[in-house]
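# Observations on the model geometry
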Amino acid sequence: MDEERTGAGQNGAARTEVSVGLGTAEILRAGEGPPLLFLHAAGAGGMWSPCHAKLAERFDVVAPSHPGFGGSPLIDGVDDVEDLVYHYLELLDLLGLERVTIVGESFGGWIAAELAAHSPHRVEKLVLMGAPGLRIPGETPFDVFLATPEQLVGHLFHDLSIPARIFPSEPGIEEIVAAYTEQSAFARYAFTPFLNDPKLERRLSRIKSPSLVIWAEHDKLIPRAHGERYAERIPGAELQIVADSGHALTAEQPEATAAAILDFAAAA
């Protein structure tokens, strides 16, 4: 493996920085068992949640930050979701992980779907949670790029008391700069075309792994029609709805979300 640096992690997860291609990638990792690649939502880079911790009880959870998120800097030449697919294939090669279960949340779910369609032989099982990536007329996702912070929170959460507990105080300068940096990276990958790849839907039939599509009952960010379409187009996929949650599944319903993933991913 190329140059590797290990430092303090988060809530029991070890933090590692590895050289990938022309850049570096931050990885949080914990647990023992079969490998599980967790691809995070926009705005959740470098975070180890209670959902991650629950999955790590049964899996070796590898949670990298996308380039431009968390502790992973942007990489020249990684400009769209297709580039991210190749980035993660190279990362899997570096880590010696030939075949993995992939769990993708929101933006990470879009990347996961593209990766599974591109290289189905690398995917043991696939879980998509609230994933954009499809173009469905009349079912356009909420425009996160034009939203105020208050509007965004209202579209991410069903129970608005939860973000008040997660974010109990006004953000400081460092948090504001980090949020701006990640929003800029997200726009780089997903602004044009807006939160979709027009070629993805017809490629979903290439996915060969058992697949689960998880959707929030009250998702106001990505319409449920997207989850239904993923479940229709991925051969044999199942759609499961998590009750009493908004789009931010792992933050609002971490136990129910982790249980749904484990019931599927850990089954023989």
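Further up the page is the structure itself.
First things first, this report covers the structure right here in the doc.

What counts, and at which threshold
- Residues numbered from 1 in each chain as written.
- Predicted model: local features only at pLDDT ≥ 70, side-chain atom pairs only at ≥ 80, totals over all residues.
- Heavy atoms only, no water.
- Helix = DSSP H or I, 4+ residues; strand = E, 2+ residues; numbered from the N terminus.
- Contact = heavy atoms within 4.5 Å.
- Buried < 20%, exposed > 50% of the residue type's maximum accessible area, 1.4 Å probe, protein only.
- Polar contact = N/O pair within 3.5 Å; in protein donor to acceptor, adjacent residues only side chain to side chain.
- Expected span 1.5 Å × (residues − 1).
- Core = buried A, V, L, I, M, F, W, Y, C linked by side-chain atoms within 4.5 Å.
- Salt bridge = Lys/Arg side-chain N within 4 Å of Asp/Glu carboxyl O.
- Right-handed = clockwise from strand over helix to strand, strands pointing away.
- Pairing = 2+ DSSP bridges.
- Phe/Tyr/Trp six-rings, centres within 6.5 Å; stacked < 30°, edge-to-face > 60°.
- Lys NZ or Arg CZ within 6 Å of the ring centre and 35° of its normal.

### Digging into the environment of A258
Examined against the element boundaries, A258 turns out to sit in helix α10 (residues 254-265). Not counting residues within four places of it along the chain, the set of residues in contact with A258 comprises C51, K54 and L55.

### Observations concerning the side chain of H66
In this structure, H66 sits in the loop between β5 (60-64) and α2 (81-95). Judged by relative accessible area, which is 0%, H66 ranks as buried. Reaching out from H66, the side chain makes a polar contact with the side chain of Y88 at a distance of 2.6 Å. If sequence neighbours within four positions are ignored, H66 has contacts with L39, H40, S72, Y88, F107, G108 and I111.

### Quick word on unusual backbone geometry
With an omega of -10°, the peptide bond running from T192 to P193 counts as cis. For P193, the location among the structural elements is in the loop between α6 (173-190) and α7 (200-203). Phi at D244 is positive, roughly 55°, even though this residue is not glycine. Relative to the helices and strands, D244 is located in the loop between β9 (238-242) and α9 (249-252). Looking at D244, the relative accessible area reads 47%, which means it is partly exposed.

### Topic: α10
Taking 1.5 Å per residue, 12 residues should reach 16 Å; α10 reaches 16 Å between its end C-alpha atoms and fits that length. T257, A258, A260, I261, L262, F264 and A265 are the residues of α10 that are buried. Residues of α10 that are buried sit in contact with α1 (50-55), β6 (100-105), β7 (123-129), β8 (211-216), β9 and α9.

### Examining the nonpolar core
Counting 55 residues, the largest nonpolar core has I102, L126 and Y230 as its most contacted members. Core analysis: the next-biggest nonpolar cluster, separate from the first, contains 26 residues, V127, L212, I261 and F264 among them.

### Points about the pattern of salt bridges
Under the definition given, this model contains 12 salt bridges. In this structure, the salt-bridge partner of R122 is E98, at a minimum N-O distance of 3.8 Å. Of this pair, R122 sits in the loop between α3 (107-118) and β7 while E98 sits in the loop between α2 and β6, and the two are 24 residues apart along the sequence. Judged by its relative accessible area of 7%, R122 is buried. Take E98: its relative accessible area is 51%, and that puts it in the exposed class. E124 is the salt-bridge partner of R99, the closest N and O atoms lying 2.7 Å from each other. In this pair, R99 is assigned in the loop between α2 and β6 and E124 in strand β7, connecting sequence segments 25 residues apart. Owing to a relative accessible area of 37%, E124 belongs among the partly exposed residues under this scheme. Ionic contacts of the salt-bridge type, sharing partners, join the residues E201, R229, E232 and R233 into one network.

### Overview of the pairing of strand β4 (residues 35-39)
Counting buried positions along β4 gives 4 out of 5 residues, so the element sits mostly inside the fold. In this fold, β4 hands off to α1, which returns the chain to β5; that crossover is right-handed. Of the strand pairs in this sheet, β4 and β6 are connected by 4 bridges, and their pairing is parallel. Bridge pairing in β6 links L36 to T101.

### Focus: the packing of aromatic side chains
Any pair of aromatic rings gets described here by the distance separating the centres and the angle formed by the planes. If you walk through the whole model with that rule in mind, you get 7 aromatic pairs. Centre to centre, the rings of F107 and F186 are 5.0 Å apart; their planes meet at 65°, and the pair counts as edge-to-face. In this pair, F107 sits in helix α3 while F186 sits in helix α6, placing the two residues 79 residues apart along the sequence. The exposure class of F107 is buried, given its relative accessible area of 0%. For F186, a relative accessible area of 7% translates into the label buried. With centroids separated by 5.4 Å and ring planes inclined at 80°, the aromatic side chains of F145 and F191 adopt a geometry described as edge-to-face. Taken together, the positions of F145 in the loop between β7 and α4 (149-156) and F191 in the loop between α6 and α7 put the pair 46 residues apart, joining distant regions of the chain. Cluster of aromatic residues (ring-pair linked, three or more members): F69, F107, W110, F145, F186, Y189, F191 and F194. In this structure, K125 packs its charged tip against the face of F264, placed 5.3 Å from the ring centre.

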